[in-house]
Amino acid sequence: MTKNAPITEPINCLHFINGQFTESLNKKTFENIDPATEEVLGTVAEGGKEEVDLAVAAARRALNGPWKKMTLTERSKILRRIGDLILERQDELAYLESYDTGKPLSLAKKIDVPRAAYNFHFFADYITSVSNEAQQQDDQAIHYSYRRPVGVVGIIKPWNLPLLLLTWKLAPCLGMGNTAVIKPAEWTPMTATVLMEICKEAGVPDGVVNLVHGFGPNSAGGAISEHPDVDAISFIGEPGTGSAIMKASADSLKKLSFELGGKNPNIIFADADLDEVIETTIRSSFINQGEVCLCGSRIYVERPAYEKFLEKFTAETKKLKVGLPLEADTNVGALVGKEHYDRVNSYIDIARADGADILTGGGRPEHLDKGYFLEPTIVTGLDRNSRCVREEIFGPVVTVLPFDTEEEVIAQANDTHYGLSATIWTNDLRRAHRVSHQVESGIVWVNTWFLRDLRTPFGGMKHSGIGRTGGMHSLDFYSELSNITIKL
């Protein structure tokens, strides 16, 4: 394709190993499908153990090459250049992201691509501002810490925010002097492939970043997880895959960072500003077709505000346009693929079987007879034990339940295996602190949602993840800390 234009010809995605794009050794490929049209976007090289072995070997060699000799300042300049090049190609990347995922082009332009560039710009600055510890032990010794790279890092990324989340992991990985073997989600391969071009143009030495396309546990993903020369795994995805990676990596005792799923409570007290609540809750429910692990898909409303909330929330939801991703006024695009589309629809069937009321949505828009489109759906009348209330749906489907007391809603919010994020709406300052401290979530937003400072810890508890990223937490994962003692 030409830069800054829609796709006009098939895009074929190759592996990127030791600075070169290459086919699979056995020439195997699979098709990349546009979820909005169900048409073929191009082919993708299907890698496995052989390609992963080549990529890991290249990454291992690169650890001791020019990359190792670069100063922190030199690596910082490369990270900044990667961010700059992402912005130079932002229209192209936004089109590719929209085609791959089905998300509105406007969303990719507003959030995904700018944030991808900012991830590199942020860590380019951050790595140069961090100091290490030093202690003097009376007149006996001086102790100081020294950071070195972890080594070869496997980065296995998801399909919902492909470029944004890959750069969120790759930037600190490179900043700390590591090398990487990346496996993109098989449904969304295109922007990761272009990012390899950008890294090479920015001056990343050959072998430092490598990309192997393919599938999961029994393919490229499993080969990375099991490989004895991969020192750490950074994974974003669902808990079942995280468990499989943990098992596969156990023999080699890899360092692990997992950002997993969420079934996040959105708790609305009656004293909150309802107009502000509705405006944000529309976003936190249906942005990116609800395919965001941070979406507040379990909505709890204090009973005095319940009916008024439903009335306003339903009316605003009905205004959202479900449409083709490239149309400027589209609010909700297509779900990422048929398998996921069928899964999300199965939960709507479960809700109906459980006696739910579907206030709006629940089906395919009448004007779209092709593609994996689903109307934003509001479900009420379910018991707290319904699967739709308890399990992650990961689509434009939310459940709304009333509550009467603070204690009741805290108990319901915590009654889950997940613990990624929570949102609390109240104008009572003491209540805001009190409830925030009791909700079991790695991230708690009060009177807002998705407001991020990249210096702060990000991650979940329970089945929602292992470890934290952001700022120093990211650098801790991507480095090994040694203490050096000098006797006086």
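What counts as what
Residues numbered from 1 in each chain as written. Predicted model: local features only at pLDDT ≥ 70, side-chain atom pairs only at ≥ 80, totals over all residues. Heavy atoms only, no water. Helix = DSSP H or I, 4+ residues; strand = E, 2+ residues; numbered from the N terminus. Contact = heavy atoms within 4.5 Å. Axes fitted to C-alpha atoms, helices over the stretch in contact; angles between N-to-C directions. Parallel < 35°, antiparallel > 145°, perpendicular 65-115°, else oblique. Left-handed = near helix turned anticlockwise from the far one by under 90°. Nonpolar A, V, L, I, M, F, W, Y, C, P; charged D, E, K, R; others polar. Pairing = 2+ DSSP bridges. Salt bridge = Lys/Arg side-chain N within 4 Å of Asp/Glu carboxyl O. Buried < 20%, exposed > 50% of the residue type's maximum accessible area, 1.4 Å probe, protein only. Core = buried A, V, L, I, M, F, W, Y, C linked by side-chain atoms within 4.5 Å. Arc of directions from axis to C-beta.

Caption draft 1: Representation of the side chain of Lys169. By secondary structure assignment, the location of Lys169 is in helix H6 (residues 162–175). Lys169 has contacts with Ile155, Ser234, Ile236, Ser257, Glu259, Thr469 and Tyr478, leaving out every residue within four places of it along the chain.

Caption draft 2: Local environment of the packing of helix H3 (residues 72–88) against helix H5 (residues 105–126). Relative to each other, H3 and H5 sit at 165°, their axes nearing to 8 Å. Considering their axes alone, H3 and H5 lie roughly antiparallel with respect to each other. As H3 packs across H5, the resulting crossing turns out to be left-handed. Touching Ser76, Leu79, Arg80, Ile82, Gly83, Asp84, Ile86 and Leu87 of H3 are Val113, Pro114, Ala116, Ala117, Phe120, His121, Phe123, Ala124 and Asp125, all from H5. The residue makeup of the contact of H3 with H5, split by class, is eleven nonpolar, three polar and three charged.

Caption draft 3: Structural context of the sheet that holds strand E18 (residues 443–446). The seven strands lie next to each other as E14-E15-E16-E13-E12-E17-E18, forming an open sheet whose pairing is mixed. Of all the strands in the sheet, the pair left with one neighbour each is strand E14 (357–360) and E18. The mean angle between the axes of side-by-side strands here comes to 25°, regardless of whether they run parallel or antiparallel. In this sheet, strand E16 (residues 397–403) lies alongside strand E15 (residues 377–380) in parallel orientation, the contact comprising three bridges. The residue of E16 that forms the bridge with Ile378 is Val398.

Caption draft 4: Broad picture of unusual backbone geometry. Positive phi outside glycine occurs at Asn18, with the angle close to 55°. We note that Asn447 has phi near 60°; this positive angle belongs to a residue other than glycine. Relative to the helices and strands, Asn447 is located in the loop between E18 and strand E19 (465–466).

Caption draft 5: Molecular detail of the pattern of salt bridges. Tallied over the full model, the rule gives 27 salt bridges. Salt-bridge contacts for Asp404 lead to Arg303; the nearest nitrogen and oxygen are separated by 2.7 Å. Placement of Asp404 in the loop between E16 and helix H14 (406–414) and of Arg303 in helix H11 (residues 303–318) is noted, with a sequence separation of 101 residues between them. Residue classification places Asp404 among the partly exposed residues on the basis of a relative accessible area of 43%.

Caption draft 6: Geometry of the nonpolar core. Membership of the largest hydrophobic core comes to 60 residues, with the highest contact counts inside it found for Ile82, Ile86, Leu170, Leu174, Leu195 and Val209. By residue number, the principal contributor to this core is H5, which donates ten residues. With residues up to four places along the chain from it excluded, the contact list for Leu195 reads Ile82, Ile86, Leu163, Leu166, Thr167 and Leu170. With 28 residues, the next largest nonpolar core counts Cys388, Val397, Leu401 and Ile410 among its residues.

Caption draft 7: Focus on helix H15 (residues 429–438). Taken together, the buried positions of H15 are Arg431, Ala432, Val435 and Ser436. The arc that holds the buried residues of H15, viewed along the axis, is 125°, so those residues lie on one side. Of the residues in H15, the exposed ones pointing more than 90 degrees away from the buried face are Leu429, Arg430 and His437. Its buried side turned inward, H15 meets H14, strand E17 (421–425) and E18.

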